[in-house]
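# Architecture and fold: a report
As a plain string of letters, each chain reads:
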Amino acid sequence: MLLKNKILIILVSGICLFLVLVGCLPKMQIDFSNNTYKEVENLEDMYIMQAYAALDLKLHDLAKENLTKAYELTQDKAYLKEIIGILMLKEEWNEAKKIALEYQKKYPKDEEMQQVLIEILGNMGDFRVANQEIQDLLKQDRSAQNLEIASSIYFLQNDYQKAIAYLRESYLLSGNEQIANKLASIYLLFLKDKNKAIRVYEEHIKKYGISQNIGERLALVYLEEKKVLDAARIYQNLYKATHDSKYARFVLEIYFKGNYFNQARKFLEQNPNIQSRDEFLLEIYRLTKEHKKAIALLQKLYAENGNVDYLALEAMLIYENAQNRNNIILLRQVTNKFEEVVKKSNNALYWNYYGYLLIDHSLDIKKGMQCVQEALKQEPKNPYFLDSLAWGYYKLNDCKNAQMVIGEIAQEDIQKEKEISEHFKLIQQCKIQ
């Protein structure tokens, strides 16, 4: 026989609570997943084959006509259910109700059809009868599905307290996260009680663990309430559960925006696989002035990949955070690192930094000026580089060139930078011989 007793109607529990967070009123759906037509063996097979072909083409009237013929021929109640499903697809509620009631008279113990009838009544707005039907249904079977249907019926009547009561009972039986989300959504959208919504989500996570659906919704509620650390906690749990890098990014964005650097550091240190983790840690160490940790991390990174940017940053941190910058051992350590850097890098910043160290501490003024000139080849108008070169001339007592070079710097740059301003005053006082 062709597809005999195949139920086309798929019952989806629950009636439309709301569009955005919960979804829409479940319709009867036609299942085409297995419509491989076999050879027609008799008249019944022909009707069903034609019904399926019509459904494929969305010719609902033709499908209904063929299913009706199949039902009249066989009296198979499965075909009657499918006819009701088509009527519901077409939103022909009166006709669907009429046939559903006739079906109930013949098969009064069919719980599935009672659920369908309640859905039809809900769509028609016939809540008096729907309420009676749902109470009868619950007396027969107080299942999670039937309780959810009851909740939906009362929701459509704006009786949110009853809707919540039935949903809670359904949730206790099933632990279904979609029901938890419906509960929270009613609190959020209709009762304006965000604290109860939060409690629903938190209790679900505590009992059943976190999921992307529940976690993301809860995090958004926390963000709307300006409870950013709670939102970060939820995103951390999502990252732990899914290893999705977007959740790590959300966590770090919250911590950096709020200057929660200790929390950010702890999160990064506990999760070594986070993308760009080391760069984030370096920035945190810099902002929190944890220079020893920053230097140790830079040494590790340089040893791992040989990137001289890390070596240059290490040298700068060592120098800038030294108690005595004139210590000759310290200066040799720093300049040796920069000597290695400039062999492998043409970064103008590094050339100038190295050159200025050699000039300012009178370690090798001429070499320092050569380094600065390498930087100026790339950025000839850079006020910091020009200041370094002028300072080199000044150190060599070449007042004429010192004054000429520092004169190329705009007055606003001179006034803006304290060190350049001090150099400018000294160089202007320098007497040309």
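To start, this report covers the structure provided alongside it. (Residues numbered from 1 in each chain as written. Predicted model: local features only at pLDDT ≥ 70, side-chain atom pairs only at ≥ 80, totals over all residues. Heavy atoms only, no water.)

### Observations regarding the side chain of Gln-115
Convention followed: In this description a helix means any DSSP run of H or I spanning at least four residues, a strand means any run of E spanning at least two, and both kinds are numbered starting from the N terminus. The term polar contact refers here to a pair of N or O atoms within 3.5 Å; inside protein, the definition further demands a hydrogen-donor-capable atom paired with an acceptor-capable atom, and it admits residues adjacent in sequence only when both atoms are side-chain atoms.
Its place among the elements puts Gln-115 in helix 5 (residues 111–124). Among the polar contacts made by the side chain of Gln-115, one reaches the side chain of Asn-146 at a distance of 2.6 Å.

### A closer look at the state of the cysteines
Counted only if it meets this: Cysteine sulfur atoms are paired as a disulfide whenever they fall within 2.5 Å. For every residue, the accessible area (1.4 Å probe, protein chains only) is compared with the maximum for its type, and the residue is labelled buried under 20%, exposed over 50%, or partly exposed between those bounds.
Using the criterion set out here, one finds one disulfide in the structure. Here Cys-399 pairs with Cys-430 through a disulfide, and the sulfurs are 1.5 Å apart. Highlighted residues: Cys-399 in helix 22 (residues 399–406) and Cys-430 in the segment after helix 24 (418–429), separated in sequence by 31 residues. Note on accessibility: Cys-399 and Cys-430 belong to one class, buried.

### Remarks on unusual backbone geometry
Here the phi dihedral of Asn-158 falls at roughly 65°; this positive angle occurs in a residue that is not glycine. Its location among the elements puts Asn-158 in the loop between helix 7 (144–156) and helix 8 (160–174). One non-glycine residue with positive phi stands out, namely Lys-192, at about 55°. Assignment of secondary structure puts Lys-192 in the loop between helix 9 (177–189) and helix 10 (194–208).

### Comments concerning helix 7
Test applied: To estimate the expected span of a helix, subtract one from its residue number and multiply by 1.5 Å. Here, two residues are considered to be in contact whenever any of their heavy atoms come within 4.5 Å of each other.
The end-to-end C-alpha distance of helix 7 is 19 Å, a good match for the 18 Å that 13 residues give at a rise of 1.5 Å each. For helix 7, the tally of buried residues reaches eleven of 13 residues, placing the bulk of the element in the interior. For helix 7, the complete set of buried residues consists of Ala-144, Asn-146, Leu-147, Glu-148, Ile-149, Ala-150, Ser-151, Ser-152, Ile-153, Tyr-154 and Phe-155. Buried residues in helix 7 make contact with helix 5, helix 6 (127–140), helix 8 and helix 9. Asn-158 occupies a position one or two residues after helix 7 and carries a positive phi of about 65°.

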